[in-house]
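What follows is each chain in one-letter form.
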Amino acid sequence: MELLGKNLGEIQSFLVEHKFPKFRAKQLMDYIYKRYIFDFDDMMQLPETMRNWLKEHCKISIPTIVTEKTAPDGQTKKLLLRFADNNQVETVLMKQHYGNSVCVSSQVGCAMGCIFCASTTGGLYRNLETHEIVGQVLLFGALLKERIHSIVVMGAGEPLQNYKNTIQALRFLHEKESFDIGYRRMTLSTCGIVENIYLLADEGIPITLALSLHAPNDTVRREIMPIGGYYELADVLDAVKTYYEKTDRRVTFEYILIDGVNSSIAQAHELGELVKDFPNCNVNLIPVNGNEHIHLFKPSKRNTEAFKNIVASYGVSVTVRKEMGDAIQAACGQLKIQHAKSSDSNATDTEEKSGTRLAEEMAKKQ
Ligand code: SF4
């Protein structure tokens, strides 16, 4: 049995079923999540017979670090991680003034095809299992030997497309015996899968919802996000409003600023109009992180400031995201692509062949 991501009750039942005392479950979890000890041989409080039994019947699948990069200021660290099947994802640690924040991936690759995102380059390979999402946080905890304060589900993948595993992982990370992270310190970013936003609103876990809005109208959104062809903006915003009403959590609208695409003065006014009546929201402007794979450019600092001021003039709270990760390719997917280019990874070749894209799926359905 995979122990990672199993809660106290599940481990207790499993141990009792195999004739071990219930209290051993708590000891086992303390070893993993409080002391970061993953080798059963080193769990000396457990009797030898139990350690031997655990070695035969259980595993703790910690992902392998393929490569890591730390920003010059030491505040952002990005890991490229490999799972047992050789698939790879990126995980980022951001040292914020309030504590350590980990940005996790929810899928290997992504089917959504947003034109500004490197994670979708090869399409979707597969969903991550619950323990693989938890493993990303655990690895940073073990490296830092410090408390992880908050979780952001904003790495590779559309988390609401891997709904069950993502929610299960967040519930687990909230448990006292694991990381004890409050739901209010978790943020999930979605490109707007309407049905699942309604589902999430009824989960009873008041996490912060971030909507990848990125356009002030349906026409521009469809050009840069294929999901815009599935759901009208009005329906997405209705779902997000329902989420706010049911959870009382402030909603964030993520808006990537791309020069010549969605960052004109007229579009700033349109965005202000679009969100001005939305109760308790924040617009987070993110200058696009263009590179050799993504041929898009950010507007000048002056134009970014002008865009921000116009949206703010509608009475909307607006911030411009601090570009913490530029120096280490922190925009999702870029480190993975860079690593794949600089190695002969067979795994990556295989993955790229098996990826599927939303655009392809959409074409098939038409
Ligand atoms: S921005 Fe998010 S939803 Fe869009 S392709 Fe990238 S990972 Fe997928």
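Everything that follows concerns the structure shown earlier in this document.
The paragraphs below set out a description of the structure included in this document. (Residues numbered from 1 in each chain as written. Predicted model: local features only at pLDDT ≥ 70, side-chain atom pairs only at ≥ 80, totals over all residues. Heavy atoms only, no water.)

## Observations concerning the sheet that holds strand 2 (residues 76-82)
In space, the 10 strands of this open sheet follow the order 1-2-3-4-7-8-9-10-11-12, with mixed pairing throughout. The open sheet has two free edges, formed respectively by strand 1 (64-70) and strand 12 (317-320), since each of these has just one partner strand. The mean inter-strand angle of the sheet, taken between neighbouring strand axes irrespective of direction, is 20°. Pairing analysis gives three bridges linking strand 7 (residues 148-153) to strand 8 (residues 186-190), with the strands arranged parallel. The partner of valine 152 across the bridge, within strand 8, is threonine 187. Across the face of the sheet, helix 8 (residues 233-247) comes into contact with strand 9 (208-212) and strand 10 (251-257) while running at roughly 170° to strand 9. (Pairing = 2+ DSSP bridges. Helix = DSSP H or I, 4+ residues; strand = E, 2+ residues; numbered from the N terminus. Axes fitted to C-alpha atoms, helices over the stretch in contact; angles between N-to-C directions. Contact = heavy atoms within 4.5 Å.)

## Notes on the site of the ligand
In the neighbourhood of the ligand, the contacting residues comprise Cys110, Met112, Gly113, Cys114, Phe116, Cys117, Thr120 and Gly157. When its residues are assigned to classes, the shell around the ligand shows five nonpolar, three polar and no charged. (Near = heavy atom within 4 Å. Nonpolar A, V, L, I, M, F, W, Y, C, P; charged D, E, K, R; others polar.)

## Some details on the environment of glutamate 132
Within the secondary structure, glutamate 132 sits in helix 4 (residues 130-144). Using a relative accessible area of 7% as the deciding quantity, one classes glutamate 132 as buried. Discounting residues that sit within four places of it in the chain, glutamate 132 has contacts with Phe83, Arg126 and Asn127. Side-chain polar atoms of glutamate 132 contact the backbone nitrogen of glutamate 129, separated by 2.7 Å. (Buried < 20%, exposed > 50% of the residue type's maximum accessible area, 1.4 Å probe, protein only. Polar contact = N/O pair within 3.5 Å; in protein donor to acceptor, adjacent residues only side chain to side chain.)

## Concerning the pattern of salt bridges
Scanning the model with the defined rule gives 13 salt bridges in all. The partner of lysine 77 in a salt bridge is glutamate 68, with the nearest N and O atoms 2.7 Å apart. Judged by its relative accessible area of 40%, glutamate 68 falls in the partly exposed class. Among the charged side chains, a network of salt bridges with common partners joins Asp85, Arg126 and Glu132. (Salt bridge = Lys/Arg side-chain N within 4 Å of Asp/Glu carboxyl O.)

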